[in-house]
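# Structural characterization, general
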Amino acid sequence: MQNNAWGFFTDADGAYRPTKYAVSPWSSTMLAGPCVCGLIARELENRHGDDAMVPARLTVDLFKPVRNDEIRFTTTRVRDGKRIRVADALLMQGDDVSARATVVFLRPSAQPPGEMWVREDRPEPPAETPADPETGFVFPTWFGSDAHPEGWSTNRAEHQNASRKRLWARQLPVVVGEEMSPFVRTATVGEATSLVTNWSDRGVGFINADLTLTLSRLPVGPEVGVEADHHISADGISVGTSVLFDRLGPFGSGTVTALADPHRQVDFGGA
């Protein structure tokens, strides 16, 4: 049975108040990236989405720390055509813009003919794991790495190595008492693109400045996986790309750009 007290935010007529679960592990005055991205996706989907369109791209610019304080939004529909719809959102805290985002909705149609190259190796999720009996929807995040002898485990410290990383998660609801849509679930978990692509054998020394998710379809099932596809960095600037997957296989990709921050290097070796 679900515990309706669990979630990242409460919603009072469009004024979102963070719960303790939304607080960043790096600072009690800031909010964590996954819940911020999930909340933005929810706002854009609720105001501008419909069942005839697929949210094919979400770009979030995280140019300023989102404070542990009330959040409101302003959104604008930029384009509303038969096959494409574009909307923007500003995340407001008082008079300040703390983040902005763009979503592109596309109308599905028939596949064109022809055979195309696709990536041969497919991410494999961990074995089926039941939901937490206390909440009905939460269970530990699974971490994976190529160098781990069993591939997956819930002990993050076991995966602090120099090999490719992956993650499989079922996050808390963005809004307390509300079931997340597949799009919101993808945005919340997909923010881990920064984690899996910037995680070295010494921890994570980059902080992402943005997140872009591109989706060919929405995920099936309550869990979403994120596997590192590539990491490129020079002079303290990194670009990371990921593959998003569910139990049916890959369904999208993630991209982040990030800045090195040696004062906030996070070492998971003892986690």
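Residues numbered from 1 in each chain as written. Predicted model: local features only at pLDDT ≥ 70, side-chain atom pairs only at ≥ 80, totals over all residues. Heavy atoms only, no water.

### A short note on the side chain of S145
Spelled out, the test is: Under the DSSP-based scheme used, a helix requires at least four consecutive residues in state H or I and a strand at least two consecutive residues in state E, with every element numbered from the N terminus. In protein, a polar contact means a hydrogen-donor-capable atom and an acceptor-capable atom, both N or O and within 3.5 Å, with residues adjacent in sequence counting only if both atoms are side-chain atoms; elsewhere, any N or O pair within 3.5 Å suffices. The contact rule is simple, with two residues in contact once any of their heavy atoms fall within 4.5 Å.
You can see S145 is positioned in strand β7 (residues 142-145). Within polar-contact distance, the side chain of S145 engages the side chain of N161 at 3.1 Å. Excluding anything up to four places from it in sequence, S145 contacts G151, H159, N161, S163, R164, K165 and R166.

### Observations concerning the packing of aromatic side chains
Put simply, the rule is: Each Phe, Tyr or Trp ring, with Trp reduced to its six-membered ring, pairs with another whose centre is within 6.5 Å; inter-plane angles below 30 degrees give stacked pairs, above 60 give edge-to-face pairs, and intermediate values give tilted ones. Three labels apply to residues, based on accessible area from a 1.4 Å probe with only protein chains included: buried if under 20% of the type maximum, exposed if over 50%, partly exposed otherwise in between.
Tallied over the full model, the rule gives 5 aromatic pairs. Between W6 and Y21 the ring centres are 5.2 Å apart and the planes differ by 10 degrees, which places this aromatic pair in the stacked class. Of this pair, W6 sits in the segment before β1 (9-12) while Y21 sits in the loop between β2 (15-18) and α1 (33-48); the two residues are 15 residues apart in sequence, bridging distant segments of the chain. On the accessibility criterion, W6 (18% relative accessible area) is buried. Looking at Y21, the relative accessible area reads 30%, which means it is partly exposed. One aromatic cluster is present, built from ring pairs that chain together F143, W199 and F268.

### Quick notes on the pairing of strand β5 (residues 84-93)
Applied cut-off: Only strands joined by at least two bridges in the DSSP assignment are considered to pair.
Among the 10 residues that make up β5, 7 are buried, leaving the element largely enclosed by the rest of the structure. Hairpin connection between strand β4 (residues 72-80) and β5: a loop of 3 residues separates the two successive antiparallel strands. Bridge count between β5 and strand β6 (residues 96-106): 10 bridges; the pairing is antiparallel. Directly across from I84, in β6, lies its bridge partner L106.

### A closer look at unusual backbone geometry
Residues other than glycine seldom take positive phi values, yet D13 does so here, at roughly 55 degrees. Secondary-structure assignment places D13 in the loop between β1 and β2. At D235, a residue that is not glycine, the phi angle is positive and equals roughly 55 degrees. Structurally, D235 is set in the loop between β14 (224-234) and β15 (237-246).

### Details of the pairing of β2
Summarising the sheet, β1 and β2 pair through 4 bridges and their orientation is antiparallel. In the strand pairing of β2, D11 is matched with Y16. If you look at the hairpin formed by β1 and β2, you'll find 2 residues sitting between the two strands, and D13 has a positive phi there, around 55 degrees.

### Points about the layout of surface pockets
Over the atoms a probe the size of a water molecule is rolled, and this reveals where empty space is left. Keep this limit in mind: Cavities and pockets were defined on a 1 Å grid built from protein atoms only: a cavity is a group of points that admits a 1.4 Å probe but offers it no way out, a pocket is an open group of points flanked by protein on both sides within 12 Å along at least five of seven lines, and a lining residue is one with an atom within 4 Å of any such point. Grid points are joined across faces, edges and corners, and a volume is the space filled by probe spheres set on the points. Residues are sorted three ways: Asp, Glu, Lys and Arg are charged, Ala, Val, Leu, Ile, Met, Phe, Trp, Tyr, Cys and Pro are nonpolar, and all the rest, Gly among them, are polar.
The space that makes up the largest pocket amounts to roughly 1,400 Å³. Mapped onto the lining of the largest pocket, the elements with two or more residues apiece are α1, β9 (165-169), α2 (182-190), α3 (193-198) and β12 (206-208). In the lining of the largest pocket, the residues fall into 33 nonpolar, 7 polar and 6 charged. Its boundaries defined by the atoms lining it, the second largest pocket holds a volume of some 300 Å³. The wall of the second largest pocket is formed by V54, A56, R83, L106, R107, P108, S109, Q111, L215 and S216. A breakdown of the residues in the lining of the second largest pocket according to their chemical character gives 5 nonpolar, 3 polar and 2 charged.

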